[in-house]
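# Reading the structure
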Amino acid sequence: MNPEIDVAVIVCSRVKNSRLPEKALKKIRGTASIRYLLERISRTQWPVVLAIPGSPDDDPIADVVHDMKGITIYRGQDDSPLERMATANATVTRAKNIVRVTGDDILVDWEMALQHFVYHVSSNADMTNNRHTLDSSAVEIYKAGAIEEMSARRIGKPGEMLGHYIVQDGYRIEGFNPPSELRVEDRRTFRMEVDYPEDLLKVRTVLGALGTQYPLTGEILSFLKDNEDVNRINEDRKWQKSE
């Protein structure tokens, strides 16, 4: 078992998705979206675990990332990302802090995640979020102990709404404030998480228009402000966090 470390990334994903079936396998820049996401967050140089259900239905996700260096695949509980995260950390990384990334967060910003982690440690909060930037760019960071305790209270129950659980259980939460050039007052104005077909179309359109392989939040946000027609592609879709 690994010695305890300060931080690890746990990415929860699955094939099953009612709003956008097989979302993790949809192509982004010619590769599966889950692989593109992992390529981005791996730039933090933190340990990264991909936590997926043990069901054979989710084998295709493991197949498309199995050759990625620095990515550990953990197979666990089918219906509870919370339980999967807790067990993955207990058995694989043993980190003191867990960076939560979902399969919606295809444009996760590794530079902002590094800044967020510095804030998280200094705040000593049980969880810190980033509600004032692009939804698909941000991460949530939890103390591992909070994840373990929340999971233990909900064994055998669906565990997807971590943000709700941490409020319900009375943990201390703080918010990271990103740099002003990356700040968005209302995340609904520039929806970029991928949960519906229109979201996928929008992300593909933005990435197709930008020249860099891994554009960061500032470049994406600037493009959306200059191209209102693209920004409106998914304007009728509501925000709903999932794996």
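Now for a quick tour of the structure. (Residues numbered from 1 in each chain as written. Predicted model: local features only at pLDDT ≥ 70, side-chain atom pairs only at ≥ 80, totals over all residues. Heavy atoms only, no water.)

## Section: the overall build of the protein
What counts is decided by this rule: Numbered from the N terminus, helices here are DSSP runs of H or I no shorter than four residues, and strands are runs of E no shorter than two. We compute the radius of gyration over the C-alpha atoms and compare it with the globule rule, which gives 2.2 Å times the number of residues raised to the power 0.38. When a residue's accessible area, from a 1.4 Å probe over protein chains only, is under 20% of the maximum for its type it is buried; when over 50% it is exposed; and in between it is partly exposed.
Helix and strand counts for the protein stand at nine helices and nine strands. Scaling as 2.2 N^0.38, a compact globule of 243 residues should have a C-alpha radius of gyration of about 18 Å, and the protein matches this with 17 Å. Based on the C-alpha atoms only, the size of the protein along its principal axes is roughly 45 × 40 × 30 Å. Among the 243 residues that make up the protein, the fraction classed as buried is 54%.

## Some points on the nonpolar core
Which entries qualify depends on this criterion: Nonpolar cores are built from buried Ala, Val, Leu, Ile, Met, Phe, Trp, Tyr and Cys residues. Side-chain atoms within 4.5 Å join them into one set. Whether two residues touch is decided by their heavy atoms; if any such pair falls within 4.5 Å, the residues are in contact.
Within the largest apolar cluster, 26 residues are counted, with the highest numbers of intra-cluster contacts made by Val11, Ile34, Leu38 and Leu50. Residue assignment for this core shows that the elements contributing at least two residues are β1 (5–12), α1 (33–41), β4 (48–53), α2 (59–65), β6 (95–102) and α4 (110–123). Discounting residues that sit within four places of it in the chain, leucine 38 has contacts with Val11, Val48, Leu50, Val65, Met68 and Ile71. In this structure, Tyr36, Ile106, Val203 and Tyr214 belong to the second largest nonpolar core, which totals 22 residues.

## What to know about the packing of helix α3 (residues 81–93) against helix α5 (residues 144–153)
Using the following cut-off: Fitting a line to C-alpha atoms yields each axis, with helices limited to the stretch in contact; the angle taken between N-to-C directions then spans 0 to 180 degrees. Note on terminology: angles under 35 degrees are roughly parallel, angles over 145 are roughly antiparallel, angles of 65 to 115 are roughly perpendicular, and the others are oblique. Crossing handedness is defined as follows: a turn of the near helix away from the far one that is anticlockwise and smaller than a right angle gives a left-handed crossing, while the clockwise case is right-handed. Put simply, Ala, Val, Leu, Ile, Met, Phe, Trp, Tyr, Cys and Pro go in the nonpolar bin, Asp, Glu, Lys and Arg in the charged bin, and everything else, Gly too, in the polar bin.
At a minimum axis separation of 9 Å, α3 and α5 run at an interaxial angle of 130°. Considering the angle they form, α3 stands oblique to α5. The two elements α3 and α5 meet at a crossing, and its hand is left-handed. Taken together, the residues of α5 that come into contact with α3 (itself represented by Leu82, Glu83, Met85, Ala86 and Asn89) are Ala144, Ile147, Glu148, Met150 and Ser151. Classifying every residue of the contact of α3 with α5 by side-chain character gives six nonpolar, two polar and two charged.

## Here we look at the packing of aromatic side chains
Quick note on the threshold: To pair, rings of Phe, Tyr and Trp, with the six-membered ring standing in for Trp, must have centres within 6.5 Å; the planes then decide the type, stacked if under 30 degrees apart, edge-to-face if over 60, and tilted in the middle. A positively charged side chain is recorded as over a ring if its NZ (Lys) or CZ (Arg) lies within 6 Å of the ring centre. The angle to the ring normal must also be within 35 degrees.
The tally for this structure, following the rule as stated, stands at three aromatic pairs. Aromatic pair tyrosine 36 and tyrosine 214: ring centres 5.5 Å apart, planes at 25°, arrangement stacked. One end of the pair, tyrosine 36, is in helix α1; the other, tyrosine 214, is in the loop between α7 (197–209) and α8 (217–226), with 178 residues separating them in the sequence. Ring geometry for tyrosine 119 versus phenylalanine 176: centroids 5.9 Å apart, planes at 50°, classification tilted. In this pair, tyrosine 119 sits in helix α4 while phenylalanine 176 sits in the loop between β9 (173–175) and α7, placing the two residues 57 residues apart along the sequence. Overall, phenylalanine 176 belongs to the buried group, its relative accessible area being 7%. Directly above the ring of tryptophan 110 sits arginine 43, whose terminal nitrogen or CZ lies 5.1 Å from the centroid.

## Here we look at the pairing of β1
To be explicit about the condition: Strands are labelled as partners when DSSP assigns at least two bridges between them.
When you tally the buried positions in β1, you get six out of eight residues, the bulk of the element. With seven bridges joining them, β1 and β6 adopt parallel strand pairing. The partner of cysteine 12 across the bridge, within β6, is threonine 102. In terms of strand pairing, β1 meets β4 through four bridges, oriented parallel. Considered in β4, the bridge of valine 9 is made with valine 48.

## So, the sheet that holds strand β7 (residues 127–129)
Read from one edge to the other, the open sheet built from seven strands follows the order β5-β4-β1-β6-β8-β7-β9, with strand pairing classed as mixed. Edge positions in the sheet fall to β5 (71–76) and β9, since each of these pairs with one other strand and no more. Across the sheet, the axes of successive neighbouring strands diverge by a mean angle of 25°, strand direction being ignored. Sheet analysis places β7 next to β9, joined by three bridges and oriented parallel. Residue pairing for β9: threonine 128 is matched across the bridge by glutamate 174. Lying over the sheet, α3 contacts β1, β4, β5 and β6, oriented at roughly 140° with respect to β1.

## Examining the side chain of arginine 191
The criterion, for reference: Polar contacts, as used here, are pairs of N or O atoms within 3.5 Å; protein pairs need one atom able to donate a hydrogen and one able to accept it. Residues neighboring in sequence count only if both atoms are side-chain atoms.
With respect to the element layout, arginine 191 can be found in the loop between β9 and α7. When its relative accessible area of 4% is taken as the criterion, arginine 191 is described as buried. Within the local environment of arginine 191, its side chain forms a polar contact with the side chain of glutamate 193, the two groups lying 3.4 Å apart.

## With respect to the environment of tyrosine 36
Look at tyrosine 36 and you get buried, because its relative accessible area is 0%. Taking the C-alpha atoms as reference points, tyrosine 36 and histidine 132, separated by 96 residues in sequence, lie 23 Å from one another. Contact partners of tyrosine 36, with chain neighbours within four places excluded, come to Ile28, Arg29, Thr31, Ile106, Leu107, Leu207, Gln213, Tyr214 and Pro215.

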